[in-house]
Every structure is written in structure tokens, then in C-alpha cells.
Amino acid sequence: MRLDNGNIRLPVAAVITAGAIVAGGLWMAERSASNNLGPEPAAATAEYGRYLLRQTAEYLGPNHENPEMRYSGTHLACASCHLDIGEKPGTLSLLQTSTRYPRDSGRDGGIRDLRDRINGCMQRSMNGQPLPRDSVEMIAMEKYILRLGDQYALMSDARKTPIEPPAFAEPDRKANVDAGRLVYEQRCYVCHGENGEGLQATANPSDGYVFPPLWGPDSFNNGAGMTRVLTAARFIKARMPFGQPDLTDDQAYDVAAFINSNPRPIKADLEKDFPDLTRKPVDSPYPPYADDFPHEQHRLGPFRPIREYYEQLKEAP
Ligand code: HEC
Ligand code: HEC
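What you are looking at is a predicted structure, and each value in this text was computed from that prediction instead of being measured.

With respect to the site of ligand 2
Here is step 1 of the chain: Taken together, 26 residues form the shell around ligand 2, and within it Cys188, Cys191, His192, Pro213 and Met240 come nearest.
Here is step 2 of the chain: In this structure, Arg54 approaches ligand 2 through a side-chain N or O atom, which is 3.0 Å from an oxygen atom.
Here is step 3 of the chain: Within the side chain of His192, a nitrogen or oxygen atom sits 2.8 Å from a nitrogen atom of ligand 2.
Here is step 4 of the chain: Of all elements in the fold, only α1 (9-33), α8 (189-192), β4 (209-211), α9 (229-239) and α10 (249-259) reach the threshold of two or more residues within the shell around ligand 2.

Some words on the coordination of the iron atom of ligand 2
Here is step 1 of the chain: Each protein donor to the iron atom of ligand 2 is listed here as His192 (NE2) and Met240 (SD); together their distances run 2.0 to 2.4 Å.
Here is step 2 of the chain: In this structure, the iron atom of ligand 2 is coordinated by six donor atoms arranged in octahedral fashion, with angles at the metal of 86 to 180°. Taken together, the positions of His192 in helix α8 and Met240 in the loop between α9 and α10 put the pair 48 residues apart, joining distant regions of the chain.

Looking at the coordination of the iron atom of ligand 1
Here is step 1 of the chain: Listed as protein donors to the iron atom of ligand 1 are His82 (NE2) and Cys121 (SG); their distances from the metal cover 2.1 to 2.3 Å.
Here is step 2 of the chain: Considering all six donor atoms around the iron atom of ligand 1, angles at the metal cover 88 to 179° and the coordination shape is octahedral. Of the two residues, His82 is situated in the loop between α3 (56-60) and β1 (103-105) and Cys121 in helix α4 (residues 114-123); the sequence distance between them amounts to 39 residues.

Some details on the packing of helix α7 (residues 177-187) against α10
Here is step 1 of the chain: Here α7 crosses α10 at 95°, and the two axes come no closer than 7 Å. Considering the angle they form, α7 stands roughly perpendicular to α10. Residues Val177, Ala179, Gly180, Arg181, Val183 and Tyr184 of α7 form the contact with α10, whose own contacting residues are Gln251, Asp254, Val255, Ala257 and Phe258.
Here is step 2 of the chain: Residues that form the contact of α7 with α10 fall into these classes: seven nonpolar, two polar and two charged.

Considering the packing of aromatic side chains
Here is step 1 of the chain: Counted according to the given criterion, the structure contains seven aromatic pairs.
Here is step 2 of the chain: Seen in terms of ring centroids, Phe293 and Tyr309 are 5.9 Å apart; in terms of plane orientation they differ by 80°. Their pairing is edge-to-face. Of the two residues, Phe293 is situated in the loop between α10 and α11 (295-300) and Tyr309 in helix α12 (residues 304-315); the sequence distance between them amounts to 16 residues.
Here is step 3 of the chain: For Phe293, a relative accessible area of 23% puts it in the partly exposed group.

Details of helix α5 (residues 136-154)
Here is step 1 of the chain: An ideal rise of 1.5 Å per residue puts 27 Å on 19 residues; α5 measures up with 27 Å between its terminal C-alpha atoms.
Here is step 2 of the chain: For α5, the full list of buried residues reads Glu137, Met138, Ala140, Met141, Glu142, Tyr144, Ile145, Leu148, Gly149 and Tyr152.
Here is step 3 of the chain: Elements in contact with the buried residues of α5: α2 (46-54), α3, α4 and α6 (157-160).

A few points about the confidence of the model for the protein
Here is step 1 of the chain: Chain-level statistics for the protein give a pLDDT mean of 90 and a share of 87% at 70 or above.
Here is step 2 of the chain: Scored below 50 in pLDDT, residues 1-16 shows 16 contacts in the model against residues more than four places distant or in partner chains.
Here is step 3 of the chain: Confidence drops under a pLDDT of 50 for residues 24-36, and excluding neighbours within four residues, the segment shows 18 contacts in the predicted structure.

Thoughts on the site of ligand 1
Here is step 1 of the chain: Contacts to ligand 1 come from 21 residues, most closely from Cys78, Cys81, His82, Arg100 and Cys121.
Here is step 2 of the chain: His82 has a polar side-chain atom sitting 2.9 Å from a nitrogen atom of ligand 1.
Here is step 3 of the chain: Contact between ligand 1 and Arg100: an oxygen atom at 2.4 Å from a side-chain N or O atom of the residue.
Here is step 4 of the chain: Taken together, the elements giving at least two residues each to the shell around ligand 1 come down to α4 and α5.
Here is step 5 of the chain: Counting residues per element, the shell around ligand 1 draws most heavily on α4, which supplies five residues.
Here is step 6 of the chain: The class makeup of the residues in the shell around ligand 1 is 14 nonpolar, four polar and three charged.

What counts and how
Residues numbered from 1 in each chain as written. Chains lettered and ligands numbered in written order. Predicted model: local features only at pLDDT ≥ 70, side-chain atom pairs only at ≥ 80, totals over all residues. Heavy atoms only, no water. Near = heavy atom within 4 Å. Polar contact = N/O pair within 3.5 Å; in protein donor to acceptor, adjacent residues only side chain to side chain. Helix = DSSP H or I, 4+ residues; strand = E, 2+ residues; numbered from the N terminus. Donors = N, O, S within 2.8 Å, 3.2 Å for Na, K, Ca; no water. Tetrahedral: all angles 85-135°; square planar, octahedral: opposite > 155°, others 65-115°. Axes fitted to C-alpha atoms, helices over the stretch in contact; angles between N-to-C directions. Parallel < 35°, antiparallel > 145°, perpendicular 65-115°, else oblique. Contact = heavy atoms within 4.5 Å. Nonpolar A, V, L, I, M, F, W, Y, C, P; charged D, E, K, R; others polar. Phe/Tyr/Trp six-rings, centres within 6.5 Å; stacked < 30°, edge-to-face > 60°. Buried < 20%, exposed > 50% of the residue type's maximum accessible area, 1.4 Å probe, protein only. Expected span 1.5 Å × (residues − 1). pLDDT = per-residue confidence, 0-100.

Laid out in C-alpha cells, this is it:
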């Protein structure tokens, strides 16, 4: 993959690289401010929960010195996707999460609480193992998310308004993976790398990433929400490129399809998801389905015909 194939693109890449270094610098500043916590597991406090979401690789990662603490299968952080550790309003914010649980989960087929939901991301987004429900780490993460709910309740209406581009509007067509590759080369590659591998913060993988991987062996697995084209496109339109989100709906849609056309870890037992298959999201990229649309259409769209099919099914007597 080449970026410097002319006099025009090179300065653009240089400007983006400068932005990337600023973003990385901010990240490192936040990180070192919290280093005084020390490596010992802390008590089950909201503050410890906040570190767990930011420095997940250090506390729960695959290189943890205690093999029993290697719950995560990647060196991603929860905050790689839940930006600003979920503290600001906007896409994948965790500010209002506490009010949404327990709830009926279509994916699991029953009522699930906040701890189950955290373990959903542990097993999919983090490609790892579920934390014991009564572990210090689980209770700390839950307390942190509950505290965010209290903070949200006290926020002024102005502060509750996300600072994001207009919401993603789904294009009524099949996503174009080749067009997505071009968007990737021009707008993402500079931070996320030639092979989507990201950039580690230091030579020690437990220090996590400055720019997280988007595919490959250390990324989220194929059962994660981010592998759904619409979920990824919504996030990318709202939040990427980092610090400068300005993609069109079409660009966000295509680049989401490109990222998810690359290899990533495989989750076992995905066919057990959605015991009631009519509740499966139209853009779930893995079978089985309760309809006859081709697998590729569930991966790349267009999604409107699939949605209409299920709406008619519901209306039928
Ligand atoms: C690869 C990206 C990614 C990573 C990493 C990730 N998540 Fe998530 N998380 C998501 C997506 C996508 C959703 C679902 C949003 C939706 O349902 O549309 C989600 C949903 C959640 C929810 C439910 C939010 C709500 O309001 O309903 C919680 C809680 C959560 N994640 C916690 C975590 C924790 C804790 C970690 C780290 C152990 C983590 N996540 C890591 C992508 C990620
Ligand atoms: C300036 C650097 C930069 C650019 C350019 C950039 N990103 Fe990111 N991206 C980040 C950072 C930083 C994070 C994680 C934030 C954190 O850890 O606090 C991130 C996180 C993500 C995530 C969620 C985490 C993961 O590992 O999957 C996705 C998806 C993503 N970016 C996609 C994109 C796409 C698509 C583009 C191009 C349209 C893009 N990014 C451009 C810096 C960048």
C-alpha cells in the first residue's frame, strides 16, 4: 500500500501525521498520570474500574505476569472504542448505560444485566474470557459505569449534547470494499498502519496501543459488534479520523466494509447467538439467518430489503 505516489498527497499525509502525534501525546499524558496506581490489583472501586477500562492490556491483557489474570485476548483497551473512557456524550459513550440494564438480550436470548454486558465485550470485542461475576475487577468496572450514570444525571442539557458530525445515514446500496480501501489509505492508514496493525505505545505490549489495530490477530473477534457494517460505520462517521471526524456517509460505510473484509480472530459457537433468529440484526455478518438473503448481503448490504422483509413478517397475522 503506497501513500506517497505524487506531490499532492505527501503534504496531506504529513499534516495528518502531525495530528496523530498530538493525539498520541495526549493519550500518553493521561496514561502516565494514572501510573501511580501501581501494578497491584486495587479494591473494587469506581476509580480502579476507570483504570481497567483505560489500561485494560496492563491489568487483564494476554501478557499479564499472572496467567490467571489474562482475561483479555487482545491488547486493546475498552477505551479503544469507548473513547474518553465513556465519559463524554456521543457514540459508544457509557454515560447512560446504567439506565439500560437489566434488559432482554436478543443475542443471548434472555434477561441480562450490566455484568453480563461487560462480559459480552470481554468475549467479543476483547476476544477473551468472561470475568467471574463477583471478581474485584468486574465489580470495579460496574461501579465505574454506575458512577458515570450519576455524573450524567447532574450534567446540564448543553453538556449532554454530543459534539459530533450529523448522525450516519445508511446508503441504500451494497458497500464498496474497493472504495473503502481507498478511504483507508487516504484517511486511516497513517495511524492504524499498513496492515491495520495499529501502533503500540511502547515495546511492551502490556502498555497497550496509541493507535489500536483494526484487524489481524490482536483485534476484536468476528462476533464483536464492531464487525457489523452499520455499527462500525456509525462509530467511524462520528469519531474517525480521530480528532477530525469529517467522512461522508458513503465513505464511512465503505471503509467499515473494508476493515471488516480483513481477517480477525474467530469466536467459537457463534451459531448459538440469537436463539430467536428473527431478532438478529440485518447486518450480522455471520450465519445462520431466518431469511433467504445471501450471506454477502448481510455483510455488505443493501439492508433495506432485508429490513422490509422482517417488517412484513411481523405485520402478518
Ligand atoms: C472493538 C470495540 C470495543 C471494545 C474494545 C469494547 N467495546 Fe464495549 N461495546 C462496543 C460496541 C460496538 C457496543 C454495542 C453498541 C451497540 O449495541 O450498538 C458495546 C457495548 C458495550 C456496553 C453496553 C453499552 C450500553 O449502553 O448498552 C458496555 C457496558 C460495554 N460495551 C463495556 C465494555 C467494556 C467494559 C470493555 C472492555 C472490557 C469494552 N466494552 C470493550 C465496542 C467495544
Ligand atoms: C490521528 C490518528 C487516527 C486516524 C487518522 C484514524 N484513527 Fe481510528 N483511532 C485512533 C485512536 C487514537 C483510537 C483509539 C482511541 C483511544 O484509545 O483513546 C482509534 C480507534 C479506532 C477504532 C476503534 C478501535 C479498534 O481497534 O477498532 C476504529 C474502528 C477506528 N479507529 C477506525 C478508523 C478509521 C476507519 C479511520 C479512517 C477513516 C481512522 N480510524 C482514522 C486514531 C486514528
